[in-house]
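Below are the chains, spelled out letter by letter.
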Amino acid sequence: ERSNEIERALLAQLQERCTNVDSDSPASQLGQLLLPAALDALTSFATSSSTSTQASQVNILSTCMSHFSACSEQCPSLLAGNDQALTALLRSFMAIAQIPSLEDEEIAALRLSALEIVATISSVPQIKRMLLKPVGKSPTSVAQPCDQPSPMLQYLIQGNEGNGDQKGVLFVCAELIVTGADDDLETWAEDPALILNSESSWDNDCIALHAEALLESFVENLGGASTLPAVFQLVDLLLATPSWRNQRAVLSMLERCLAAAPVTFVPHISATVDAALNLIQSDNVRVQYQALQLIGSLCCANTVESEEGVTSDCPVLVRENYAAQILESVARHVSSPCTKVAAHACLTIVSYCRGGNGRDDCLLPIDQDLVLPHVGTLLESLKTGPLAVDLSQPNSINEGTVTVLIRAIGAVACLANASGPAFLPHY
């Protein structure tokens, strides 16, 4: 309670909701005066060997994270008024973000809080320009490709390579995405699909989902050109160890990167589709579900255009190149005994049929040539799978079954819409 009063009193002296950075502002001057010692003490306290065993220490650190988070949102000048302050802040919170959690949820939440502060600061326009500015270049060169990124950007992405054991933000996010996923596969699979919840959310995945959102934020704010090479190095590293958690993490990371940096992601579309089609063959329902989620996102993107409307240099048309493999894989999963997987497979058919690049032609039916060769196979899978449910037997009906049935009917409607008059024989 006392610390909350101090925070309010401090922020009251500064400009309200000042979300830009001014190195000459009173907030910046105050931060440069007070923060170095405070950050040193906080980092030493957080990284002490007993932190993982003392709940009181975790509570104190969580309170500190809350106050720093409020400052990062309301007055970033206080925390990062100049290069030196920003560097000290990043190093301090990156150290906290790498406290060994050993799947301890409270420590994992503390690590996420530290990453959240780094992500918030990185999203401030002036700081983003500072991070992305190539060495020795003016701020106007931010959008230009460069061979020598700023040291702070290198540190955020790569960590202390060769000079310590600190990893970059992407590595830490990936680690939390892997370890933060609920390992109770049976309960996840038995939980029925819900008609009002089509996202890949699961209460016990909150750590992983938060880390995924932070990874997406870092890729968006630090730029796909800077971050995607590091992400794909992590993808290779995770896939080298064939655990379902690693595979699920890879699929979710790729989907987040596609959303955060769609234009820069285009050269990686082929490898991403191949990964999704390979991993969807897993026997693990969580991997199947995440692969369907990624395939659906790839179908929605299909090809990406820049903000100026200029198609990327090497567009990869997902449906045009992978229709048969995608729909064959999806058709096998509409009859999955796991209602979450079956419902999501039906939704993936909808994503395939309702195309576009997410802009002008979003949700418009695709060309008939992309769907007609596969309509028969898809309808047969739907007919013998979810549409075969016997509604006259109430004991065989539950919430998950109803959800799959509704999704299947929606898939049939989209197939009919995309096929046009050629669908008449199937009625």
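So, how was this worked out
- Starting afresh in each chain, residues are numbered from 1 along the sequence in its written order.
- Only residues with pLDDT of at least 70 are given local features in this predicted model, and only at 80 or more are side-chain atom pairs given and counted; all residues enter the totals for whole chains, interfaces and linings.
- To obtain the side-chain values, all non-hydrogen atoms of the structure were included, while hydrogens and water were left out.
- Strands here mean DSSP runs of E at least two residues long; helices mean DSSP runs of H or I at least four residues long; both are numbered from the N terminus.
- For every residue, the accessible area (1.4 Å probe, protein chains only) is compared with the maximum for its type, and the residue is labelled buried under 20%, exposed over 50%, or partly exposed between those bounds.
- Each accessible area value is a Shrake-Rupley result obtained with a 1.4 Å probe; residue values ignore everything except the protein chains displayed when judging cover.
- Structural elements are reduced to axes, namely lines fitted to C-alpha atoms, with helices fitted over the stretch in contact, and the angle between N-to-C directions of any two is expressed from 0 to 180 degrees.
- Each angle receives one of four descriptions, namely roughly parallel if under 35 degrees, roughly antiparallel if over 145, roughly perpendicular if within 65 to 115, and oblique otherwise.
- By definition, any crossing whose near helix is turned counterclockwise from its far helix by less than a right angle is left-handed, and any crossing with a clockwise turn is right-handed.
- Note on contacts: a residue pair qualifies if any of its non-hydrogen atoms lie within 4.5 Å across the two residues.
- In summary, the pairing rule links any two rings of Phe, Tyr or Trp, Trp by its six-membered ring, whose centres are within 6.5 Å, and it sorts them by plane angle into stacked for under 30 degrees, edge-to-face for over 60 and tilted for everything else.
- What pLDDT conveys is the predictor's confidence in a given residue, as a value from 0 to 100.
- Polar contact is defined as a pair of N or O atoms within 3.5 Å, subject to the rule that within protein one atom must be able to donate a hydrogen and the other to accept it, and that residues adjacent in sequence are counted only when both atoms are side-chain atoms.
- A side-chain nitrogen of Lys or Arg and a carboxyl oxygen of Asp or Glu constitute a salt bridge if their distance falls within 4 Å.

**What to know about the overall build of the protein**
Counting its secondary structure elements, the protein contains 20 helices and zero strands. Split into buried and exposed, the 427 residues of the protein put 50% on the buried side. Accessible surface for the protein amounts to roughly 20,000 Å². Of this, 52% is attributable to carbon and sulfur atoms.

**Structural notes on the packing of helix α18 (residues 339-353) against helix α20 (residues 399-419)**
Running from N to C, α18 and α20 cross one another at 15°; their axes reach a closest spacing of 8 Å. As judged from the angle between their axes, α18 and α20 are roughly parallel. Taken as a pair, α18 and α20 cross one another with a handedness that is left-handed. Across the interface between the two elements, T339, A342, A343, C346, L347, I349, V350 and C353 of α18 pack against G400, T401, T403, V404, R407, A408, G410, A411, C414, L415 and A418 of α20.

**Some thoughts on the packing of aromatic side chains**
Under the criterion given, the structure shown has four aromatic pairs. Centroid distance F68 to F93: 5.1 Å. Interplanar angle 75°. Geometry classified as edge-to-face. Of the two residues, F68 is situated in helix α3 (residues 55-74) and F93 in helix α5 (residues 83-96); the sequence distance between them amounts to 25 residues. Classification of F93 as buried rests on a relative accessible area of 0%.

**Quick look at helix α9 (residues 169-179)**
Where burial is concerned, most of α9 is hidden: eight out of the eleven residues are buried. Where α9 is buried, its residues contact α5, α6 (105-122), α8 (151-158), α11 (206-222), α12 (224-239) and α13 (244-260).

**Description of the confidence of the model for the protein**
Within the protein, residue pLDDT values average 85, and 82% of them lie at 70 or more. Averaged over each element, pLDDT in the protein is lowest for helix α1 (residues 2-12) (57) and highest for α13 (97). Low confidence marks residues 138-145, where pLDDT is under 50. Its contacts with residues over four positions away, or in another chain, come to seven contacts. Note that pLDDT drops below 50 for residues 306-311; the model gives that stretch five contacts with residues more than four away or on any other chain.

**Points about the packing of helix α15 (residues 269-279) against helix α17 (residues 318-333)**
Running from amino to carboxyl end, α15 crosses α17 at an angle of 5°, the nearest separation of the two axes being 11 Å. Classified by the angle between their axes, α15 and α17 sit roughly parallel to one another. Residues I269, S270, V273, D274 and L277 of α15 touch α17, and the partners they reach there are V318, Y322, Q325, I326 and S329.

**Quick notes on the side chain of R111**
Topologically, R111 is positioned in helix α6. A polar atom in the side chain of R111 sits 2.5 Å from the side chain of E175.

**Some details on the pattern of salt bridges**
Tallied over the full model, the rule gives eight salt bridges. Across the pair E212 and R256 runs a salt bridge, and its minimum N-O distance is 3.4 Å. Of the two residues, E212 is situated in helix α11 and R256 in helix α13; the sequence distance between them amounts to 44 residues. For E212, a relative accessible area of 2% translates into the label buried. In this structure, R332 and E328 form a salt bridge, with 3.6 Å as the shortest nitrogen-oxygen distance. Note that R332 and E328 are positioned in helix α17 at a spacing of four residues, about one turn of the helix.

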